[in-house]
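# Results of the structural survey
One-letter residues, chain by chain:
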Amino acid sequence: MKKIKLNIVGISYSQTQSGAYALVLGEVDGNRRLPIIIGGFEAQAIAIEIEKVSTSRPLTHDLFKSFADEFSIRLEEVLIYNLVDGIFFAKLLCKTTEKTTEIDARTSDAVALGIRFGCPIYTYDFIMDAAGIVIESNDFAFLENIENIELKNIQDEPQKEKPVEKQKETSAYTSLTNDQLEKTLDKALENEQYEAAAKIRDEIERRKL
């Protein structure tokens, strides 16, 4: 099986599936994109590292990275190795001075760790053939129109139904001014309310379009 190297194209908030995000991975030197539906906490963990947002206390993936560094464990590679019934499977290839070990992981967790370690992300060609989407325009347009693509069968794991109240929480930020949004974001980060902070950043970015 041929391995294909991927990079992170972006994360798009789902307006139709409450609490869900689409993590979009792109084939390096190619025009196929691999969208994966992930949860809000996982999207937050990835976005925080991409945007280099500092947190007052280490998040779970940061703790894993610190633990690995302390015991000289290197994450060499993230591999999305299978797609079964619409669910992606990934593993971490970890290495010490003595041996190399493969650890099973959810794709979202694997990617969140991969970007913290600066290691490459790969998948197999049969997965790209089955779930990859060929883009005809640029990635910005692709992320903007991600809702028009059928994504319900390409998930990190089965999604649980989210309460309707979550939709109200998300839409509440639309009534704030830009200054209020910035202050609310700072307060959310200070109080370690990272899921709320991710939604506020989404609203800020939406207004820049």
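The residue numbers shown here count from 1 along each chain, following its written sequence. For a predicted model such as this one, the threshold for reporting local features is a pLDDT of at least 70, and the threshold for listing and counting side-chain atom pairs is 80 or more; totals across whole chains, interfaces and linings nevertheless cover every residue. Side-chain numbers come from the whole structure's heavy atoms, not from hydrogens or water.

Naming follows an unreviewed UniProt entry, where the protein chain appears as BFN domain-containing protein of Sphingobacterium hungaricum.

Let's shift gears to the overall build of the protein chain. Helix and strand definitions follow DSSP, with helices as H or I runs of at least four residues and strands as E runs of at least two, each counted in order from the N terminus. Along the protein chain, the regular secondary structure elements total eight helices and eight strands. A separation of at least 24 residues holds for 60% of the contacts in the protein chain among residues at least 6 apart in sequence. Methods summary: accessible areas were calculated by the Shrake-Rupley approach with a probe of 1.4 Å, and residue burial reflects only the protein chains presented. Accessible surface computed for the protein chain: about 11700 Å², of which carbon and sulfur atoms make up 49%. When checking whether two residues touch, look at their non-hydrogen atoms; a contact exists if any pair is within 4.5 Å.

By nonpolar core is meant a set of buried Ala, Val, Leu, Ile, Met, Phe, Trp, Tyr and Cys residues that side-chain atoms within 4.5 Å join together. Note on classification: 1.4 Å probe, protein chains only; a residue is buried when its accessible area is under 20% of the maximum for its type, exposed when over 50%, partly exposed between these limits. Counting 31 residues, the largest nonpolar core has Leu6, Leu34, Leu75, Ile80 and Leu92 as its most contacted members. Looking at this core, the elements that each hand over two or more residues are strand 1 (3-13), strand 2 (20-27), strand 3 (32-39), helix 1 (40-50), strand 4 (74-84), strand 5 (87-95), helix 3 (107-117) and helix 4 (125-131). Per element, the largest residue contribution to this core is five residues, and it comes from helix 3. Sequence-distant contacts of Leu92, defined by excluding residues within four places in its chain, comprise Leu75, Glu77, Val78, Thr101, Glu102, Ile103, Ala105, Ala110 and Leu113. Residues Tyr173, Leu189, Ala196 and Ala197 belong to the second largest nonpolar core, which totals twelve residues.

Right, let's get into the sheet that holds strand 1. For two strands to be treated as a pair, DSSP must find at least two bridges joining them. Spatial ordering of the open sheet is given by 6-5-4-7-1-2-3-8, a layout of eight strands whose pairing is mixed. Two strands in the sheet have a free side with no partner beyond their single neighbour: strand 6 (100-105) and strand 8 (133-134). By the bridge criterion, four bridges tie strand 1 to strand 7 (residues 121-124) in an arrangement that is antiparallel. What sits directly across from Ile4, in strand 7, is Thr123.

Under the convention used throughout, the expected extent of a helix is 1.5 Å for every residue step, that is, one less than its residue count. The terminal C-alpha atoms of helix 8 (residues 194-208), which comprises 15 residues, lie 21 Å apart, in line with the 21 Å expected from a rise of 1.5 Å per residue. Every buried residue of helix 8 is accounted for by Tyr194, Glu195, Ala196, Ala197, Ala198, Lys199, Ile200, Arg201, Glu203 and Ile204.

Let us look at helix 1. For helix 1, a buried count of nine out of eleven residues is recorded, marking the element as mostly surrounded by other parts of the structure. The inward-facing, buried residues of helix 1 abut strand 1, strand 2, strand 3, helix 2 (60-70), helix 3 and helix 8. Of the residues one or two after helix 1, Lys52 is the one with positive phi, at around 55°.

The share of residues in the protein chain with pLDDT of 70 or more is 80%, and the mean pLDDT across the chain is 82. The predictor's confidence in any single residue is recorded as pLDDT, a number from 0 to 100. When pLDDT is averaged over each helix and strand of the protein chain, the minimum, 39, is found for helix 6 (residues 165-171) and the maximum, 97, for strand 7. Scored below 50 in pLDDT, residues 159-171 shows 14 contacts in the model against residues more than four places distant or in partner chains.

Attention now moves to the state of the cysteines. Here, two cysteine sulfur atoms that lie within 2.5 Å of each other are counted as a disulfide. Counting across every chain of the model gives zero disulfides. Among the cysteines around Cys94, which has no disulfide bond, Cys119 carries the closest sulfur, lying 8.7 Å off. Residue Cys119 is classed as buried on the basis of its relative accessible area, which comes to 11%.

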